[in-house]
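# Remarks on the overall topology
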Amino acid sequence: MSEEPAPAANSAAGAGGAVRRRPRRWAAAVGALLVALLAVAVSSRSFPAISSYSRGGGCGCPGARKYTGMVEDCCCDYETVDAINEEVLNPILQDLVALPFFRYFKVKLWCDCPFWPDDGMCRLRDCSVCECPDNEFPEPFKKPYSGLSPENMKCQEGKPEATVDRTLDTKVFKGWVETDNPWTADDETDNGEMTYVNLQLNPERYTGYTGDSARRIWDSIYKENCPKYPSEDMCQEKKALYKLISGLHSSISVHIAYDYLLDESTNLWGHNLPLLHDRVLKYPERVQNLYFTYLFVLRAVTKAADYLEQAEYNTGNPEEDLKTQSLVKQLLYNHKLRSACPLPFDEAKLWQGEKGPELKQEIQKQFRNISAIMDCVGCEKCRLWGKLQVLGLGTALKILFSVDGENHLNQQFQLQRNEVIALVNLLNRLSESVKFVHEKGSSTEEIMKQQSSSTWQKSASKLNLKPYSAKTAES
Ligand SMILES: Cc1cc2nc3c(=O)[nH]c(=O)nc-3n(C[C@H](O)[C@H](O)[C@H](O)COP(=O)(O)OP(=O)(O)OC[C@H]3O[C@@H](n4cnc5c(N)ncnc54)[C@H](O)[C@@H]3O)c2cc1C
């Protein structure tokens, strides 16, 4: 696997503006215009259906797939992942996460960073999370009448003054237990500081969180907790941890590109395909790691099928709850999925050597650290999704590695309600990323190849504008 080149300065991210800088309106306008032009160029092209896309020639001819064959270290190929994702998994997951059981996530949002002082670097309203009033929860989640007016019944983004009652009714957790997850920092049992968030009202997208603060988080994760050694020096297990984090990172970048603030002055949101290219597509390894993480989490979900099938999905709304149960079953036992990709990832190959138990403890500690670092993310919405997705990964790790001698889940195996919510939402996020990369990947790459600096110069001269430079900005 090739080493990644040093990161280039990202013009697309620059168009969104750096943290704490005054926006340079004309530069932002040109940037937004170019992004919008590219988005139109790409979206006006016709995209073949999965089957013809998969059939592209294997000789570098137009239409050939860039990613073919087995996803590295997994047991399923790219073509199958794309087809199954689009036809089966993505539609089920999209419906599932919109249902009451899966849309409320319990999270401690205001946390002290255990490693360095908080340096909130978020500049957008979209960075902050809408915490939902207690009376928006499903019936069994409710505490007795709270006296809030009907206006407060809906969670409204951008209303930081909205009263949030954080009292929780422990009956909510009926049938669900509070158990420790050895893979994550112990966040779940401390109910007093938890709040419920409606994930549907807080989509993961561009927030403007960037610069030193974000960089420090990723640096600390990669350098201290899952370094990428040269392949030959890296054992399977450490390689898997690196790939999981890198795959998650790719997915976060894809979501930023998918839902980006193209023009702040008109509040225009849309796809930022140059950003997708610069942060993900340009590095094949990042795409590969995204597919790896998706298959890893999918394997965890299917491995826990018996447990998840029998879990209680009670929110006090029988119709919605029945739908939840039915969709969970469709997800777990879909025959197309089971026959096309019966074992997405083979976890039995890990921890086999003499040093297996020792290694497991070491990697568990590193992952717990990564989970604790999420408290240092300086943007509330990024922290919410960072915490949810790291908990989802921790849950996948717990499922895959809580096994008896026969590699079945051991008898005492239990999941918390929040772990199940995190796991399914994470799978949905990854599924969305895989879908977007599959749909837009090759055309974006093709256009980016053709797009040279001359395009920029042409567009800039038409508008009688020059590309951004510090000098012109100051003058
Ligand atoms: C937990 C977390 C959640 C976030 N959520 C959001 C969000 O919801 N919305 C938002 O707008 N911003 C979010 N951010 C910020 C976002 O991830 C970027 O850090 C930010 O946009 C700046 O991007 P960048 O181009 O500097 O590179 P970054 O994405 O910060 O990457 C830093 C460095 O890591 C390496 N790298 C990048 N991608 C990969 C990969 N896939 N695998 C391996 N190495 C890689 C590269 O060397 C790169 O230079 C989040 C950050 C964190 C830490």
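Residues numbered from 1 in each chain as written. Predicted model: local features only at pLDDT ≥ 70, side-chain atom pairs only at ≥ 80, totals over all residues. Heavy atoms only, no water.

## What about the overall build of the protein chain?
Rules: We count a stretch as a helix when DSSP gives it H or I for four or more residues in a row; a strand needs E for two or more, and each element gets its number in order from the N terminus. Buried, partly exposed and exposed residues are distinguished by accessible area as a fraction of the type maximum, computed with a 1.4 Å probe on protein chains only: under 20%, between the cut-offs, and over 50%, respectively. Residue contacts follow a heavy-atom distance rule, with two residues in contact if any of their heavy atoms lie within 4.5 Å. Throughout, the Shrake-Rupley method with a 1.4 Å probe supplies accessible areas, and for residues the shown protein chains are the sole cover considered.
Within the protein chain, the secondary structure is distributed over 17 helices and four strands. By residue count, 52% of the 475 residues in the protein chain fall in the buried class. Considering only contacts in the protein chain between residues 6 or more positions apart, those separated by 24 or more positions represent 81%. Just so you have it, the protein chain exposes about 22200 Å², and 51% of that area is on carbon and sulfur atoms.

## Topic: the confidence of the model for the protein chain
Worth spelling out the cut-off: Across the chain, each position has a pLDDT score giving the predictor's confidence in that residue, from 0 to 100.
Put simply, the protein chain has an average pLDDT of 74, and 65% of its residues get 70 or more. Here residues 39–62 is modelled with pLDDT under 50, and outside its nearest four sequence neighbours on either side it reaches 31 contacts, counting other chains as well. Below pLDDT 50 for its whole length, residues 459–475 participates in 16 contacts with residues either more than four positions away or in separate chains. At the level of chain-chain contacts, confidence expressed as ipTM amounts to 0.99, with global pTM at 0.78.

## Let's talk about the packing of helix α8 (residues 273–281) against helix α9 (residues 284–303)
When two helices pack together, their arrangement is given by the angle between the helix axes and the distance between those axes. The cut-off we apply is this: Each axis is a line fitted through C-alpha atoms, taken for helices only over the stretch in contact, and angles between the N-to-C directions span 0 to 180 degrees. We call two directions roughly parallel when the angle between them is under 35 degrees, roughly antiparallel when it is over 145, roughly perpendicular when it lies between 65 and 115, and oblique otherwise. As a working rule, the residues Ala, Val, Leu, Ile, Met, Phe, Trp, Tyr, Cys and Pro are called nonpolar, Asp, Glu, Lys and Arg charged, and the rest polar, with Gly in that last group.
Where α8 contacts α9, the two axes come as close as 7 Å, and the packing angle between them is 85°. The pairing of α8 with α9 is recorded here as roughly perpendicular in orientation. Together, R279, V280 and L281 of α8 and P284, R286 and V287 of α9 make up the contact between the two elements. Grouping the constituent residues of the contact of α8 with α9 by class yields four nonpolar, no polar and two charged.

## Some words on the state of the cysteines
What counts is decided by this rule: The rule for a disulfide is simple: a pair of cysteine sulfur atoms within 2.5 Å.
As enumerated under the stated definition, the model contains one disulfide in all. Here C76 engages in a disulfide with C341; their sulfurs sit 2.4 Å apart. With C76 in the loop between α3 (50–54) and α4 (78–98) and C341 in the loop between α12 (335–340) and α13 (356–373), this pair connects stretches of sequence that are 265 residues apart. Residues C76 and C341 agree in their burial class; the two are buried.

## Observations concerning the pairing of strand β2 (residues 195–198)
Our working rule: The criterion for strand pairing is that DSSP finds at least two bridges linking the strands in question.
Burial of β2 is two-sided: the residues T195 and V197 facing one way and the residues Y196 and N198 facing the other way are all buried. The pairing of strand β1 (residues 104–107) with β2 spans four bridges and is classified as antiparallel. Within β2, the position partnered with Y104 by the bridge is N198.

## Points about the pairing of strand β3 (residues 260–263)
Every regular strand shows the same layout, with side chains that alternate between the two sheet faces. Note: β3 against strand β4 (residues 268–270), three bridges, orientation antiparallel. Its bridge partner being in β4, D263 is matched across the sheet by L268. Counted along the chain from β3 to the antiparallel partner β4, the turn is four residues long, and its residue N267 has a positive phi close to 55°.

## Section: the site of the ligand
Counted only if it meets this: Any residue with a non-hydrogen atom lying within 4 Å of a molecule or strand is treated as near it. Pairs of N or O atoms within 3.5 Å make up the polar contacts considered here, provided that, within protein, one atom can donate a hydrogen while the other can accept it, and that residues adjacent in sequence are counted only when both atoms are side-chain atoms.
Residues in contact with the ligand amount to 24 residues; listed here are only the nearest, R205, T207, S246, H249 and R279. Between the ligand and H249 there is a distance of 2.8 Å, counted from an oxygen atom to a side-chain nitrogen or oxygen. Contact with the protein chains removes 90% of the 950 Å² of surface that the ligand exposes when unbound. Sort the elements by how many residues they give to the shell around the ligand and helix α7 (residues 236–258) lands first, with six residues. Within the shell around the ligand, the residues separate by chemical class into 13 nonpolar, six polar and five charged.

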